[in-house]
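Single-letter residue listing:
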Amino acid sequence: MLISSLELNNFKVFYGRNAIAFPSGKGAEVVLIHGHNGHGKSTIMESLFWVLYGKERRHERLVPADPLRVLNTYARSNKEFEVGVTLAFEHDDHDYLIRRTLRSRRRRGAPTKRSHFVEETHLYLDGQEQADVEGTLTEVFPSDIATFFFFDGETISRFAESYAENRQTIEKAIGLPYLKRAREDTDVVVRGLQRQQRDAARDATVSQLEGQLQEGRTQHTEVESQRAVSKRLHEALAAEADRLQHQLEQFDDLRKLNDRLRELEDFGAELDREEEALREQEARFRSALPYLLLGPPLREVVERIDQLKAQSVKDQINRGRLLDQRNFLGRLLHSNTCLCGDPFDADSHARISQMYAKVEEQLGQVIPLETDRPGFGSADMLSAVTAVRGVDPVAASVPKLQARRRYISENRSRVETALEQQRAALASHQTANAREKEVFDRLARITADKAVARARIEEQGDLCRQLERKVADLEVTLEQAVARFASTTSALATRIEVGSHALEAFDDIIEASVEQKRSQIQRKGSTLFRTITNKPQEFQGLEIQPEDFDVLVRREGSKRVATKALSDGERHVVAISILGGLKDSSGHGTLLMDSPFGRLDQTHKKRLITRLEQLSDKVVLLVTDEDLNEQETATVPSVSRRYLLEHDQEHGYSYIVDHPGGGS
């Protein structure tokens with residue numbers, strides 16, 4: 001970094017605007033800034049740290065600046081509450097300008113604390129304002145490097161007294177802390193990847209999925225086995241139901257016998273009713289007999305009544321049979337289930353429906369006469385007697401009544417005989433009848449058990465299908481998890497390998513860079529030391545140890561002398577030489593030194609003055625008259641500009657004056 005200009009406005013001891021112009025030529029040039037102690041030499045160096053980083057340097061550390069300490073006291077007494085520093089410099093053939101200002105945010109009254117100020121920073125690169133000020137400055141001129149371009153007598157003394165931090169100092173000078181932080185970040189990433197790899201190896205997801213898959217397959221096998229058992233049970237129940245149904249078919253004759261018995265009992269009851277009606281008719285006939293004339297009309301009426309009676313009995317018997325058949329078929333159609341408990345198929349249902357329709361048709365054709373309805377008796381007979389008055393008495397209906405009586409007697413005798421036969425047959429089939437009921441009950445239970453078994457089979461089938469889907473889903477999930485695990489493991493291994501290679505590369509780069517810079521600093525420092533020391537024949541140069549970077553002085557021959565064994569002045573020369581070497585290894589630019597001659601004797605001082613231009617391309621010296629008097633100033637080579645620091649004791653502030661003679 002080559003400084004072009006520096007302007008201070010109300011910064012610390014300097015009141016108002018004070019500017020310093022630095023040489024911009026290509027050759028080695030020196031700028032001298034003279035001032036007494038307390039006139040602002042150190043303030044000029046502090047302004048550089050503040051404008052670049054917004055901080056103050058205290059004991060080799062940068063700390064946040066206090067606005068109340070930065071603002072000039074005289075300016076504050078004049079109610080001027082603005083302070084600023086502007087720095088222009090060149091770097092890598094680009095022009096930079098940075099301006100940092102502090103302004104009071106209070107409209108009334110003087111600012112009394114840090115929060116009363118607002119800070120603004122603007123950075124321009126080739127005239128274009130940059131948004132990321134801090135990032136750009138860190139890239140161009142990091143704060144670790146600034147120490148080796150801007151240093152004072154205190155820094156030189158620290159180097160002269162102790163080299164315990166040499167390696168760290170050199171690493172800062174060459175920017176290795178950034179590489180080390182990058183290496184540490186890479187190491188953190190690699191350790192994190194290794195933890196992920198170990199966690200992936202311990203990841204129980206795949207094992208859990210495998211366990212779940214095995215459990216699902218086991219459950220599926222168990223349910224399939226249970227379903228097979230249920231199927232075998234259903235088949236056994238179906239076979240038993242078929243056997244019982246076959247047994248029930250063998251009881252058809254018994255059922256027919258029962259049906260015939262019921263028909264005979266119904267017919268006997270009908271005959272009883274008919275006989276009762278006949279007795280009533282006979283009683284009415286006898287009561288009406290005096291009024292009847294025995295003739296053909298009366299006989300026809302009586303015969304007609306007998307015929308109607310007989311026909312009514314037959315119709316009622318036939319109607320009763322048809323009603324029983326219709327009710328039986330209706331129950332079958334309504335239940336839609338045969339006696340075995342199995343549902344009708346379409347063909348069976350159609351046949352039963354046809355039989356039911358046929359019975360209904362036959363039943364509609366049978367209309368029995370209501371011979372025993374209320375009022376059929378004396379009135380009807382009297383009407384008949386009235387109708388046949390005058391008929392020949394020979395046509396009396398006595399034979400008809402006798403024929404009806406014979407019909408009832410004959411039928412009753414036949415029904416009683418048939419009933420005795422049927423009851424005897426039933427008595428002989430009593431055991432079979434009990435067996436039929438037992439078989440029927442057994443068939444009903446088996447039918448119910450078969451339905452339960454069928455439902456169980458369906459339920460187990462649904463469960464089997466669910467388990468099959470679950471197993472299939474688990475297989476897919478497991479396959480995906482295994483693929484992800486393999487991919488993750490492979491990716492982690494690749495990234496760990498890359499990170500390990502990067503760590504090795506960082507180590508190699510750091511060691512190579514340190515060794516390269518150590519050699520450069522040793523070579524440059526030795527050259528400076530030989531030109532400055534007052535014992536150029538005795539001291540051959542400097543040697544920086546690779547292990548601990550301790551600095552030794554090579555004497556004539558092969559002897560090495562520790563810096564602690566040197567005098568204060570000699571250690572001071574070693575420190576300036578090392579700092580010069582550090583600066584030179586960090587790149588070309590402006591070197592600013594504050595009181596660098598503190599512990600040097602006149603011989604060392606004169607030799608250093610004549611070698612200033614060897615320290616850097618551009619050298620700025622901040623000195624007092626005691627450091628560099630007028631006679632000594634005249635011996636400084638390549639002086640291009642000279643400034644004086646004046647102080648107004650009445651108002652307590654300093655200001656910068658351009659020396660009339662310029663260079664000397």
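Next up on the list: the confidence of the model for the chain. The predicted model of the chain has a mean per-residue pLDDT of 78, with 78% of residues at 70 or higher. Within the model, pLDDT remains below 50 along residues 291-295, and this stretch shows 25 contacts once partners closer than five positions in the same chain are excluded. Overall, residues 389-395 carries pLDDT values under 50, and its contacts beyond four positions in sequence, including any with other chains, amount to 26 contacts.

In this model, K12 sits at a positive phi of 50 degrees, which is unusual for a non-glycine residue. As for its placement among the helices and strands, K12 is situated in the loop between β1 (2-9) and β2 (17-21). A relative accessible area of 14% places K12 in the buried class. The backbone phi angle of D126 is positive, close to 50 degrees, even though this residue is not glycine. Within the element layout of this structure, D126 appears in the loop between β8 (117-125) and β9 (128-129). Taking relative accessible area as the criterion, D126 reaches 42% and is therefore assigned partly exposed.

Okay, the sheet that holds β1 next. The strand order across the open sheet built from 6 strands is β2-β1-β6-β7-β8-β9, with neighbouring strands paired in antiparallel fashion. With one partner strand each, in any of the chains shown, β2 and β9 form the two edges of the open sheet. Relative to β2, β1 is paired through 5 bridges, and the arrangement is antiparallel. Residue pairing in the sheet places L8 in a bridge with N18 of β2. The strands touched by helix α1 (residues 41-53) within the sheet are β1, β2, β6 (82-91) and β7 (94-104), with β6 carrying the most contacts at an inclination of about 85 degrees.

Another point: α1. For α1, which comprises 13 residues, the first-to-last C-alpha distance of 19 Å matches the rise-based estimate of 18 Å (1.5 Å per residue) to within 8%. Summarising burial for α1: 11 of the 13 residues are buried, a large majority. Taken residue by residue, α1 has K41, T43, I44, M45, S47, L48, F49, W50, V51, L52 and Y53 as its buried positions. Downstream of α1 by a residue or two, G54 has a phi angle that is positive, lying close to 70 degrees.

Reading the values: rules and limits
- Residues numbered from 1 in each chain as written.
- Predicted model: local features only at pLDDT ≥ 70, side-chain atom pairs only at ≥ 80, totals over all residues.
- Heavy atoms only, no water.
- pLDDT = per-residue confidence, 0-100.
- Contact = heavy atoms within 4.5 Å.
- Helix = DSSP H or I, 4+ residues; strand = E, 2+ residues; numbered from the N terminus.
- Buried < 20%, exposed > 50% of the residue type's maximum accessible area, 1.4 Å probe, protein only.
- Pairing = 2+ DSSP bridges.
- Axes fitted to C-alpha atoms, helices over the stretch in contact; angles between N-to-C directions.
- Expected span 1.5 Å × (residues − 1).

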